[in-house]
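Okay, here's what each chain looks like letter by letter:
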Amino acid sequence: EFSHGAALAHVCRAASHYDVLGLGNNFDPLQLKRSYKKLSLLLHPDKNSEIGAEAAFKQVLEAYACLSDETKRRQYDLQQQQSHHQTQHQPSPHQPTRQQQHSRKRPTASRLF
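Residues numbered from 1 in each chain as written. Predicted model: local features only at pLDDT ≥ 70, side-chain atom pairs only at ≥ 80, totals over all residues. Heavy atoms only, no water.

Asker: Describe the pattern of salt bridges, with residues and values.
Answerer: One pass over the full model with this rule turns up one salt bridge. We note a salt bridge from Glu 54 to Lys 58, for which the minimum N-O separation is 3.8 Å. In this pair, Glu 54 and Lys 58 both sit in helix H4 (residues 53–67), four residues apart, roughly one turn of the helix. (Salt bridge = Lys/Arg side-chain N within 4 Å of Asp/Glu carboxyl O. Helix = DSSP H or I, 4+ residues; strand = E, 2+ residues; numbered from the N terminus.)

Right, dumping it as structure tokens:
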């Protein structure tokens, strides 16, 4: 059972609509409704005056609106898969690509001394 502060922290850490509502990908519609009601009551601006509660409440509304509509949910899942696929295949900005690694000149003894 969440407190007002714990609900706020949970939503702020969430990486997806599923995470916001604490659901897995194969949730039951009743679970969706219960989770939405519980979080929306805890985060509603009239009930929670903590900084960030209103933004978290809006996240809960957005997550519910998306996941409760089958068409929006399918579209969201597809976008998440594409985004995940793209980030897996892109090099980190801090790591050189293979081409950059191979094109770097290796230090020779004459360059070191």
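Asker: Break down the packing of helix H1 (residues 4–13) against helix H3 (residues 29–43) for me, citing the residues and quoting the values.
Answerer: In the contact formed by H1 and H3, the axes pass within 9 Å of each other and the chain directions differ by 115 degrees. By the angle between their directions, the pair H1 and H3 is classed as roughly perpendicular. For H1 against H3, the interelement crossing comes out left-handed. Contact residues: His 4, Ala 7, Leu 8 and Val 11 in H1; Leu 39, Leu 42 and Leu 43 in H3. Tallied by class, residues from the contact of H1 with H3 come to six nonpolar, one polar and no charged. (Axes fitted to C-alpha atoms, helices over the stretch in contact; angles between N-to-C directions. Parallel < 35°, antiparallel > 145°, perpendicular 65-115°, else oblique. Left-handed = near helix turned anticlockwise from the far one by under 90°. Contact = heavy atoms within 4.5 Å. Nonpolar A, V, L, I, M, F, W, Y, C, P; charged D, E, K, R; others polar.)

Asker: Describe in detail the nonpolar core, supporting the description with residues and values.
Answerer: One finds Val 20, Leu 21, Leu 43, Val 60 and Leu 67 to be the most contacted residues of the largest nonpolar core, which totals 21 residues. If you list the elements that add at least two residues to this core, you get H1, helix H2 (17–20), H3 and H4. Leave out the neighbours within four places in its chain, and Leu 43 touches His 4, Ala 7, Leu 8, Val 11, Asn 48, Ala 53, Ala 56, Phe 57 and Val 60. (Core = buried A, V, L, I, M, F, W, Y, C linked by side-chain atoms within 4.5 Å. Buried < 20%, exposed > 50% of the residue type's maximum accessible area, 1.4 Å probe, protein only.)

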